Amino acid sequence: MYIHYIALNCPQNPNFIQERKHGIIDFLFLCFHSKTTLILGDKTYTVTKPCMFLIDSNTPYKYFSNSKDYRDDYLHFAVENRQQFLSELTFPLNTPIFLSNNSSILDYLKLIQQEHLSKNRLAAKSIDLLIRCLFVKVAEEWLQSQQLNTSVPHYYELLRVRDTILSSPEHSWKIEELAELAHLSPSYFQVIYKKAFGITCMTEVINAKLEQAKLLLTSTELPVASVAAEVGYNEVYHFIRQFKKSTGLTPGAFRKKATL
């Protein structure tokens, strides 16, 4: 593997925007340490806690800060054999993976940067091994998160409910309706839903609406009021308040920043 760029703990101003409309030729490993919006292909992610992505080469992306104290780490690297690299990868590309509290990911990135900056004639071999170790650790984080979920009682019933929420952002879901879909009592459903996915079911409903709203804001010219109606809000002002609380921007400001 060959590193083209690596930078750690990079601060940026609140108006920071990074965009590659056609992606880059390299693979890009990104770690976000503050609130960020990432538009990756046709998906939009609002990152609110430390999170990492391995972005495939030639994948369009754009990201911008949602906080005053923005920081990230990035690693641009190339591989000799793309097919072999992908076959050995044990976690998904272009997918958010959250950093656990005791994660060693940042330690490996520091070691990779040290070797990249060194004049050691064996640095290339060390870098290759360190990047492979880094991705083993990323895979461990990914697998751990999956195993934690599947150990929750009624996990697959909950997953079906979650899929229903995400595929129907225009619906004004009630807790009782969702619990009935899982054939569980409302109180028990709420407890194990949060245990399975790390958020409450109603926060999931709101997030689904806001993610769909982001897609409509960046891919259509619908007025904000129409976007609000499309995702199930009866009051546009309520939509604007929730959108700004989630992203730090009003829908209009988000559209302007995302389409610059």
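Preceding this paragraph is the structure being described.
Within each chain, residue numbers correspond to sequence positions counted from 1 in written order. A pLDDT threshold of at least 70 governs which residues receive local features in this predicted model, and a stricter bar of 80 or more applies before side-chain atom pairs are shown or counted, although totals over entire chains, interfaces and linings include all residues. Here the side-chain values reflect all heavy atoms present in the structure, with hydrogen atoms and water set aside.

> Hey, could you run me through the overall build of the protein chain in this one?
Helix and strand content of the protein chain: ten helices and nine strands. Only the C-alpha atoms count toward the radius of gyration. The rule for a globule is 2.2 Å times the residue count to the power 0.38. Whereas a compact globule of 260 residues would reach a radius of gyration of roughly 18 Å, the protein chain reaches 20 Å, a difference of no more than 12%. Each principal axis of the C-alpha distribution contributes one length, and for the protein chain these read about 65 × 45 × 30 Å. Per-residue accessibility, obtained with a 1.4 Å probe over protein chains only, is compared with the maximum for each type, and a residue is labelled buried under 20%, exposed over 50%, and partly exposed between these values. Across the 260 residues that make up the protein chain, the buried fraction comes to 43%. Contacts between residues were defined by any pair of non-hydrogen atoms, one from each residue, lying within 4.5 Å. For the protein chain, the proportion of contacts with a sequence separation of at least 24, taken over those separated by at least 6, is 73%. For the protein chain, the accessible area works out to roughly 14,300 Å², and carbon and sulfur atoms hold 53% of it. Counted as positive: Lys and Arg. Counted as negative: Asp and Glu. His and the chain ends are not counted at all. Taken as the charge location is NZ of Lys, CZ of Arg, CG of Asp or CD of Glu. Put simply, the protein chain has 28 plus and 25 minus side-chain charges, and the middle of one group is 6 Å from the middle of the other. We count a stretch as a helix when DSSP gives it H or I for four or more residues in a row; a strand needs E for two or more, and each element gets its number in order from the N terminus. Exposure was quantified through the Shrake-Rupley algorithm and a 1.4 Å probe, taking into account, for residues, occlusion by the shown protein chains and nothing else.

> Would you mind showing me how to read the layout of surface pockets here?
Summary: where empty space remains is shown by rolling a probe the size of a single water molecule over the atoms. Of the pockets and cavities examined, the second largest pocket occupies roughly 250 Å³. Every residue lining the second largest pocket is counted, 13 residues in all, and those nearest its centre are Ser172, Lys209, Gly232, Tyr233 and His238. At the level of secondary structure, the elements contributing two or more residues to the lining of the second largest pocket comprise helix 7 (201–219) and helix 9 (236–247). Looking at the lining of the second largest pocket element by element, the count peaks at four residues for helix 7. As a working rule, the residues Ala, Val, Leu, Ile, Met, Phe, Trp, Tyr, Cys and Pro are called nonpolar, Asp, Glu, Lys and Arg charged, and the rest polar, with Gly in that last group. In terms of residue class, the lining of the second largest pocket is made up of five nonpolar, five polar and three charged. Of the grid points, spaced at 1 Å and generated over the protein atoms alone, those admitting a 1.4 Å probe that cannot get out make up cavities, while open sets with protein on both sides within 12 Å along at least five of seven lines make up pockets; any residue with an atom within 4 Å of a point is treated as lining. Grid points are joined across faces, edges and corners, and a volume is the space filled by probe spheres set on the points.

> I would appreciate a short explanation of the nonpolar core in the present structure.
Soluble globular proteins: nonpolar side chains tend toward being buried together. Ranked by internal contacts, the top residues of the largest apolar core, which has 26 residues, are Phe29 and Phe135. For this core, the elements supplying multiple residues, two or more each, are strand 1 (2–12), strand 3 (27–32), strand 6 (51–55), strand 8 (70–78), helix 2 (105–117) and helix 3 (123–150). Beyond its immediate chain neighbours, meaning those up to four positions away, phenylalanine 29 contacts Met52, Phe53, Leu54, Asp73, Tyr74, Leu75, Ile105, Leu109, Leu134, Phe135 and Val138. To qualify as a nonpolar core, a set must consist of buried Ala, Val, Leu, Ile, Met, Phe, Trp, Tyr and Cys residues joined through side-chain atoms within 4.5 Å. Counting 19 residues, the second-largest nonpolar core is a separate cluster that includes Trp173, Ile192, Tyr193 and Phe197.

> In this structure, what is going on with the sheet that holds strand 2 (residues 17–20)? I would like to understand it.
Paired strands are those between which DSSP finds at least two bridges. Pairing is antiparallel in the open sheet, where four strands are placed in the order 2-7-4-5. Every other strand in the sheet has two partners, leaving strand 2 and strand 5 (43–47) as the edge strands with one partner each. Pairwise comparison of adjacent strand axes, ignoring direction, gives a mean angle of 10 degrees for this sheet. Here four bridges tie strand 2 to strand 7 (residues 61–65), and the two strands are oriented antiparallel to one another. Pairing of arginine 20 across the sheet is with tyrosine 61, part of strand 7. Inter-axis angles, ranging from 0 to 180 degrees, are taken between N-to-C directions of lines fitted to C-alpha atoms, where helices are fitted over the stretch in contact. Contacts from helix 7 reach strand 4 (36–40) and strand 5, with the element oriented near 125 degrees to strand 5. Contacts from helix 10 (residues 251–258) reach strand 2, strand 4, strand 5 and strand 7 within the one sheet, and its direction differs from that of strand 7 by about 130 degrees.

> How do you make sense of the packing of helix 4 (residues 155–167) against helix 6 (residues 186–197) when you look at a structure like this?
Geometrically, a packed helix pair is captured by the angle between its two axes and the distance between the axes. Orientation of helix 4 relative to helix 6, taken along the N-to-C sense of each, is 85 degrees, at an axis distance of 10 Å. Our classification of the angle between helix 4 and helix 6 gives roughly perpendicular. Residues Tyr155, Leu158, Leu159, Val161, Arg162 and Ile165 of helix 4 touch helix 6, and the partners they reach there are Phe189, Ile192, Tyr193, Ala196 and Phe197. Should an angle lie under 35 degrees it is considered roughly parallel, over 145 roughly antiparallel, and from 65 to 115 roughly perpendicular; all remaining angles are considered oblique.

> What is the right way to look at the sheet that holds strand 6 in this model?
Two strands in a sheet stick together by hydrogen bonds in their backbones, pointing the same way (parallel) or opposite ways (antiparallel). Strands sit in the order 1-8-3-6-9 across an open sheet of five strands; the sheet is antiparallel. Lying at the two open borders of the sheet, with one neighbouring strand each, are strand 1 and strand 9 (97–98). Bridge count for strand 3 against strand 8 is six bridges, and the pairing is antiparallel. The residue of strand 8 that forms the bridge with phenylalanine 29 is leucine 75. The sheet strands contacting helix 2 are strand 1, strand 3, strand 6 and strand 8, and the helix crosses strand 1 at an angle near 125 degrees.

> Would you mind showing me how to read the environment of serine 34 here?
The topology assignment puts serine 34 in the loop between strand 3 and strand 4. Through-space distance from the C-alpha of serine 34 to that of serine 118 is 29 Å; in sequence the pair is 84 residues apart. When sequence neighbours within four positions are dropped, the list of residues in contact with serine 34 reads Val47, Ser67, Asp69, Tyr70 and Arg71. In protein, a polar contact requires one atom able to donate a hydrogen and another able to accept it; more generally it is a pair of N or O atoms within 3.5 Å, and residues adjacent in sequence count only if both atoms are side-chain atoms. A distance of 3.1 Å separates a polar atom in the side chain of serine 34 from the backbone nitrogen of arginine 71.

Purely geometric numbers; function is a separate question.
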